[in-house]
Amino acid sequence: MYILGISCFYHDSSAALLRDGKIVAAAQEERFTRKKHDDSFPENAIKYCLESQEITINEIDYIGFYEKPLLKFERLLYQHLEMFPKSYAKFLSSLPSWLNEKLRIIKTIKKKLKYKKDILFIQHHMAHAASSFLPSPFKEAAILTIDGVGEWTTTTYGFGKDNEIKLFKEIKFPHSIGLLYSTITAYLGFSVNNSEYKIMGLAPYGNMDKKINPYYEKLKQVIDIKDDGSYRLDMSFFKYHYSGRMPTKKLCNLLGGKIRNSKEELTQRHKDIAAALQLITEEVLIKILNYVHEVVKSENIVLSGGVALNSVANGKILKNTKFKKIWINPDPGDGGTNIGVALYIYNALLGNQRNSVLKDAYLGSEFSNEEIRKFLEDKNIKYYEFRDEKELIGTTAKLIFENNVIGWFQGKMEYGPRALGNRSILSNPCDSKMKEILNLKVKHREKFRPFAPVVCRKDVSKYFDCDKTLPEITDFMLMVYPIKEKWRKKIPAVTHVDGSGRLQTIRKEQNPIYYGLIKEFGKKSKIPILINTSFNIRGEPIVCSPDDAYKCMMGTGIDYLIIGNFLIKREDNLKDAWDGEKIAGD
Amino acid sequence: MKKLFEDFKKGQKAFGDDISSVVNFVLLTFTYFVGVGLTSIFAKIIGKHFLELNIKKDKETYWSELNLNKEPMENYYRQF
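Residues numbered from 1 in each chain as written. Chains lettered and ligands numbered in written order. Predicted model: local features only at pLDDT ≥ 70, side-chain atom pairs only at ≥ 80, totals over all residues.

Caption draft 1: Region of the structure containing the overall build of chain B. Scanning chain B for helices and strands turns up one helix and one strand. Expected size for 80 residues packed as a compact globule is a radius of gyration near 12 Å; at 24 Å, chain B overshoots this value by more than 25%. Along the longest, intermediate and shortest principal axes, the C-alpha atoms of chain B span 75 × 40 × 25 Å. Burial status across chain B gives 8% buried among its 80 residues. (Helix = DSSP H or I, 4+ residues; strand = E, 2+ residues; numbered from the N terminus. Rg over C-alpha atoms; globule rule 2.2 N^0.38 Å. Buried ≥ 20, exposed ≤ 12 C-beta atoms within 10 Å, placed from the backbone.)

Here it is, written out as structure tokens:
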């Protein structure tokens, strides 16, 4: 039995395919269209899912959609009714897309895919809950979903056992911790639904002491948090419920200045505001989780929704709550809900037992050595072919040790927002200048943003102060932990200003070649850790195909591309060089 | 000649898009002020609210009942 899950028309359109309850393919549309956070109908992602299993749309038994569009439309109309006449501009800008595509989703699916069977609509937060509980290793777990907004809901909690999920209570729009985070992101001059993680990275540069940071008390005025973690926002500080812009003048006055222009220098005030926001987010999350633990009485917690991408907060959960184990989908945001709907249909609605623990995120497209060779030959690219894997690993480790920046393109593309070692840029974390080198050659990103370390799972406790039982989700780069004091100066390129690192752990069985490379680098440097950052030009999606990878290398300062069994040196192919900064975005 | 024909087609499309933008604007403005506006004013007169905007300090919790479980299969065919 095949079930296809689809999410689209908001942000991060994507598709996932289930075969007899097992997740066999998943990808985001942006990787194929090269448009970041692409919200269009995921035709390319669906095409990939079908081709990966060599099936046609006729073999799909069910298609699941990640929300109930009419409930969402009802919320939109209620917003306009409540906020008339302030919402006029928003009405004009949003209604056409509803009338043209969002309310015609059945027609769109049937027409674009030539699909004739059943389409099922799952409530958005149930899709989130299913995406985190059903592929988790837990038989039973408490569930928390927390995002910007679904149809009406912004936060829910519940309980999952075997193949059943119950969501008990909710907090409804417009009160949303996700939208509070997005509003401050906008206030600080960053793009909404894109740059929230930058605020998380900026926060440690601010004052993280609640008693001293003046903006903590100020921001507490915009949110009323109860003892059980439930909250409401004072909506006089916000206008996202009737306008395209998010903060009001009142919020600007409270925070002591107008909205920051994205080109304006970041001041200590901006950093302190980011810190205050992070503190409040963590406070709400921990309070909710402690309450949920009391009510649900499970040792396990699964999280989903965009707020679950806050890896700094995630890293504090087990220390500050009574939960003993935690699991999060590699893509807890809307991009991951397609897995949720497909599993919910198979397990909950059709009553099948769960048989799909998600152990790695390698669910995307891949290219054989023959396909890569053909690409290289067709483009007249000078390359070297490795004799075997040992030579590939040895040479790459040597190049990294010599401070070269490596584009690393191997196996199946990762599902979710993180590059986890198949579409990654790798470099040496031991060199104090590597952060500047990476920024100068490739990333050109804000100086305050840290780079992430990848370490073999067995070595992690030597370098990081982790939870006693290391959660499996460190494999998905979803937890930030402090780096042990004695190692901070030895791996400066991945040590954030507060001494933390957003680590990725890796097991040999997940990705033997990547694991082998880290170990080989460790033999040379005495520290088996690499910098792992996403393989893309700033503002572009992570590379998908050999063509994308080659273009990215030639448009940036990446020194070598290791693609499949081939090595390509940038200097040997300067005829194809171009300036990637011309297309770089936010 | 071919280029001229293509440019003409492009121009026609742009003109069509402009016309549809104007028609959309007029229809949506009418709908907003007559449909949404009148309903909203009437709702305000009778004290009906469509969103809960206010903070309530005296409340113990903001959690509200959801009780979302598995529903009959036919409910999932609906978009609401």
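Caption draft 2: Layout of the nonpolar core. Residues and elements named next belong to chain A. Residues Leu-4, Cys-49 and Tyr-344 are the most contacted members of the largest nonpolar core, which totals 188 residues. Examining the composition of this core, we find that 14 residues originate from one element, helix α11 (residues 268-296), more than from any other. When sequence neighbours within four positions are dropped, the list of residues in contact with Tyr-344 reads Ile-122, Met-126, Ala-127, Ala-130, Leu-134 and Leu-349. Membership of the second largest hydrophobic core comes to five residues, among which are Leu-81, Met-83, Phe-84 and Tyr-242. (Core = buried A, V, L, I, M, F, W, Y, C linked by C-beta atoms within 7 Å. Contact = placed C-beta atoms within 7 Å.)

Caption draft 3: Region of interest: the interface of chain A and chain B. Tallying the contact residues gives 44 residues for chain A and 32 residues for chain B. The residue makeup of the side of chain A that touches chain B, split by class, is 24 nonpolar, seven polar and 13 charged. Where strand β8 (residues 164-172) of chain A and strand β1 (residues 64-68) of chain B come together, three bridges link them in antiparallel fashion. Residue pairing for β1 of chain B: Leu-167 of chain A is matched across the bridge by Leu-68 of chain B. (Nonpolar A, V, L, I, M, F, W, Y, C, P; charged D, E, K, R; others polar. Pairing = 2+ DSSP bridges.)

Caption draft 4: The arrangement of the environment of Pro-492 of chain A in detail. All names here are of chain A. Within the element layout of this structure, Pro-492 appears in the loop between α18 (485-488) and β18 (500-506). Exposure remark for Pro-492: the 15 C-beta atoms within 10 Å place this residue in the partly exposed category. Separated by 57 residues in sequence, Pro-492 and Lys-435 place their C-alpha atoms 8.4 Å apart.

Caption draft 5: Representation of the sheet that holds β8 of chain A within the structure. A sheet is described by the order of its strands in space; here six strands give the open sequence β12(A)-β11(A)-β6(A)-β7(A)-β8(A)-β1(B), paired in mixed fashion. Of all strands in the sheet, those with a lone pairing partner are β12 (325-328) of chain A together with β1 of chain B, marking the two edges. Pairs of neighbouring strands in the sheet enclose a mean axial angle of 20°, with direction left out of account. The sheet strands contacting α11 of chain A are β6 (140-146), β7 (153-161) and β11 (300-304) of chain A, and the helix crosses β6 of chain A at an angle near 145°. (Axes fitted to C-alpha atoms, helices over the stretch in contact; angles between N-to-C directions.)

Caption draft 6: View of the domain arrangement of chain A. Residues and elements named next belong to chain A. Taken domain by domain, chain A consists of domain 1 (2-135 + 331-349), domain 2 (177-328) and domain 3 (369-582). Each of domain 1 and domain 3 has a C-alpha centre, and these two points are 31 Å apart. Each partner contributes to the interface: domain 1 provides ten residues, whereas domain 3 provides nine residues. Residue contributions to the side of domain 1 that touches domain 3 peak at three residues, all from helix α1 (residues 30-33). Here the residues of the side of domain 1 that touches domain 3 sort into three nonpolar, two polar and five charged. (Domains from an automatic or database assignment.)

Caption draft 7: A look at the sheet that holds strand β2 (residues 14-19) of chain A. Residue and element names in this part refer to chain A. Pairing in this open sheet of five strands is mixed, and the strands run β3-β2-β1-β4-β5 from one edge to the other. Edge positions in the open sheet fall to β3 (22-28) and β5 (118-121), since each of these has one partner strand only. Neighbouring strand axes in the sheet, compared pairwise and without regard to direction, differ in orientation by 20° on average. In the sheet, strand β4 (residues 60-65) pairs with β5 via four bridges, with the strands oriented parallel. Residue pairing across strands places Phe-65 opposite Phe-121, the latter belonging to β5. Sheet strands in contact with helix α2 (residues 43-52) are β1 (2-7), β2 and β3, and its direction is about 150° off that of β3.

Caption draft 8: Fine view of unusual backbone geometry. All names here are of chain A. Each neighbour pair has its own omega, and for Phe-84 with Pro-85 the value is 0°, a cis peptide bond. Counting through the fold element by element, Pro-85 comes out in the loop between α3 (69-83) and α4 (88-100). Of note, the bond from Phe-173 into Pro-174 is cis; its omega dihedral lies within 30 degrees of zero at 10°. Note on placement: Pro-174 falls in the loop between β8 and α7 (177-187). Positive phi, close to 50°, is recorded for Asp-20, a residue that is not glycine.

Caption draft 9: Region of the structure containing the pairing of β3 of chain A. Residues and elements named next belong to chain A. Counting buried positions over the seven residues of β3 gives five, a clear majority of the element. Sheet analysis places β2 next to β3, joined by six bridges and oriented antiparallel. What sits directly across from Ala-15, in β3, is Ala-27. Linking two consecutive strands that pair antiparallel, namely β2 and β3, is a turn of two residues; a positive phi of about 50° is found at Asp-20 within it.

Caption draft 10: Representation of the confidence of the model for chain B within the structure. Per-residue pLDDT for chain B averages 93, and the proportion of residues at 70 or more is 100%. Scored as a complex, the prediction yields pTM 0.95 and ipTM 0.92. (pLDDT = per-residue confidence, 0-100.)

Caption draft 11: Focus on the environment of Thr-61 of chain B. You can see Thr-61 of chain B is positioned in the loop between α1 (2-45) and β1. Overall, Thr-61 of chain B belongs to the partly exposed group, with 14 C-beta atoms counted inside 10 Å. Along the backbone, Thr-61 of chain B and Gly-37 of chain B are 24 residues apart, and their C-alpha atoms lie at a distance of 33 Å. Non-local contacts of Thr-61 of chain B, meaning those with residues more than four positions away in its chain, are made with Lys-226, Asp-228 and Ser-230 of chain A.

Caption draft 12: Geometry of the packing of helix α15 (residues 389-401) of chain A against helix α19 (residues 512-525) of chain A. All names here are of chain A. Look at α15 against α19: their axes get within 9 Å of each other, and the N-to-C directions meet at 50°. With respect to α19, the axis of α15 lies oblique. The two elements α15 and α19 cross, and the hand of that crossing is right-handed. Of the residues in α19, those touching α15 at Glu-389, Ile-393, Gly-394, Thr-396, Ala-397, Ile-400 and Phe-401 are Ile-513, Gly-516, Leu-517, Glu-520, Phe-521, Lys-524 and Ser-525. In the contact of α15 with α19, the residues fall into seven nonpolar, four polar and three charged. (Parallel < 35°, antiparallel > 145°, perpendicular 65-115°, else oblique. Left-handed = near helix turned anticlockwise from the far one by under 90°.)

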